[in-house]
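Report on the structure
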Amino acid sequence: MDPGTFAARYDAVISEPRMRRLYGASGYFNVGYWAEGTTDLVAACDRLVDEVAAAVPPDAAVIIDVGCGLGAGTRRLADRFPRALVVGANLSHWQLTAARERGVEQPVVMDAAWLAVGSGTADAVLAIESAQHFDTREAFFAETHRVLRPGGVLALADMLFENADPIGPWMLPHDNRVTTVAGYARALEDAGFTEVEVRDVTDVTWRPYCAAMRSVFGGHEDALRAIEQSLARYVLAFAKRAIRSGVSGSYQ
């Protein structure tokens, strides 16, 4: 599917009336990280950004948020790193316009597989629940490794689907399928990353989100159950471009 068609179809998913009831005017379209005591989807989405951003060096000067959506997460990053240039990258002009309206100062049309960024210029690249859509993660990881400076960080929240049918195969390119934590870690290492850490956080992300969906999709239990079961793992993943040779990893 060409990028323009994908962007238009994804815009329609975000704009679906029940999804808008679920997220309101928050500017999020994420599963969220439901830490103990979290009962609100927006608070869970805020926490997810914080969990991913925790890996970013506090003195980062250039941060790229790939697949920035409607901009709430990118704006939170900008608030957390006020001295950094925080770029929100997306295929969708409509989403980038919404991001700008939420205060994202650098919204840029950009394909994750062909990052329009100079080599060795970024301190951190983030992808929060977007890499499952990329064509492909392999290309994105290679591009990220190129644009990061030595010691730069890649941080991701990602969904590994086992069955694309309940979500929609158009959303999940066949060549982009990864279903295991170990496989995900290997893909990062194959791209040249070091200090790889991949954590399975399905129980504090996907499970409570699916419960929240039932509040607006009542009466569709069979479809909701199929969607919930379609996911193999929800992971947080972190890696660095090496300063010097040597590889270490942690898989959970």
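Refer to the preceding data block for the structure.
None of these values were measured; they are calculated from a predicted model.

Focus: the packing of aromatic side chains
- Across all of its chains, the model carries nine aromatic pairs by this definition.
- Geometrically, the ring pair formed by Phe6 and Tyr10 is stacked, given 5.8 Å between the ring centres and 15° between the ring planes. Here the residue Phe6 and the residue Tyr10 both occupy positions in helix H1 (residues 3–15), the gap between them amounting to four residues, near one helical turn. You'll find Phe6 and Tyr10 in the same group, each marked buried.

Notes on the pairing of strand E1 (residues 62–66)
- Most of E1 sits inside the fold, with five of its five residues counted as buried.
- On E1, burial covers both faces: Val62, Ile64 and Val66 on one face and Ile63 and Asp65 on the other are all buried.
- Here E1 pairs with strand E2 (residues 85–90) via five bridges, running parallel. Across the sheet, residue Ile64 finds its bridge partner in E2, namely Val87.
- The pairing of E1 with strand E4 (residues 122–128) spans three bridges and is classified as parallel. Looking at E4, one finds that Ile64 is bridged to Val125.

Quick notes on the rules
Residues numbered from 1 in each chain as written. Predicted model: local features only at pLDDT ≥ 70, side-chain atom pairs only at ≥ 80, totals over all residues. Heavy atoms only, no water. Phe/Tyr/Trp six-rings, centres within 6.5 Å; stacked < 30°, edge-to-face > 60°. Helix = DSSP H or I, 4+ residues; strand = E, 2+ residues; numbered from the N terminus. Buried < 20%, exposed > 50% of the residue type's maximum accessible area, 1.4 Å probe, protein only. Pairing = 2+ DSSP bridges.

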